[in-house]
Amino acid sequence: MKAQPIEIEQGMVQCPNCGGGHLHQTEVMVHQRYGEDSNGVETRVSQDNGIARRQLAADDPRFEGRRDDVAVRLTCEQCLHHSRLIVMQHKGQTHVYMRLEE
Ligand SMILES: [Zn+2]
């Protein structure tokens, strides 16, 4: 998956694959570490599966960075690709970007 700068036009997030503006939210994933670079927990919320939690090792690739992140999984109505709108803490700053799922 590649991270891309977020594209916001008049407050609307666009698909990083085709630029379409009709995205459907399908799942929310929260990754929280107990400390910087430490292990932590993932909480996933979706209509189909409800709420699920699991422990994550410190090197789990689900973590976006060294701290916490929130990812909203989106499905594009036009090209059907999945992407993620990600809010991630990095060195005290908060970054927002899109990541296209492969
Ligand atoms: Zn698309």
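Here, every reference points to the structure presented above.
Now for a look at the structure at hand. (Residues numbered from 1 in each chain as written. Predicted model: local features only at pLDDT ≥ 70, side-chain atom pairs only at ≥ 80, totals over all residues.)

**As for the pairing of strand β7 (residues 69-76)**
Worth spelling out the cut-off: A pair of strands is labelled paired if DSSP reports no fewer than 2 bridges between them. Secondary structure counts use DSSP, requiring at least four H or I residues in a row for a helix and at least two E residues in a row for a strand, with both numbered from the N terminus.
Relative to β7, strand β4 (residues 23-33) runs antiparallel, the two being bridged by eight bridges. By the bridge assignment for β7, Glu27 is matched with Arg73. Across seven bridges, the pairing between β7 and strand β8 (residues 82-90) is antiparallel. Looking at the pairing, Asp69 lines up with Met88 of β8.

**Overview of the environment of Glu102**
Inspection of the secondary structure assignment puts Glu102 in the segment after β9 (93-100). Taking the C-alpha atoms as reference points, Glu102 and Leu23, separated by 79 residues in sequence, lie 17 Å from one another.

**Re the pairing of strand β6 (residues 50-56)**
Two faces, one strand: in a regular strand the side chains alternate between the faces of the sheet. Basically, it comes down to this: With C-beta atoms placed from the backbone, a residue is labelled by how many other C-beta atoms lie within 10 Å of its own: buried for 20 or more, exposed for 12 or fewer, partly exposed between the two.
The buried fraction of β6 is low, at zero of seven residues. Pairing between strand β5 (residues 40-46) and β6: seven bridges, direction antiparallel. Note on β6: the bridge partner recorded for Ser46 is Gly50.

**Some details on unusual backbone geometry**
Phi at Leu80 takes a positive value of approximately 70°, unusual for a residue other than glycine. For Leu80, the position within the fold is in the loop between β7 and β8.

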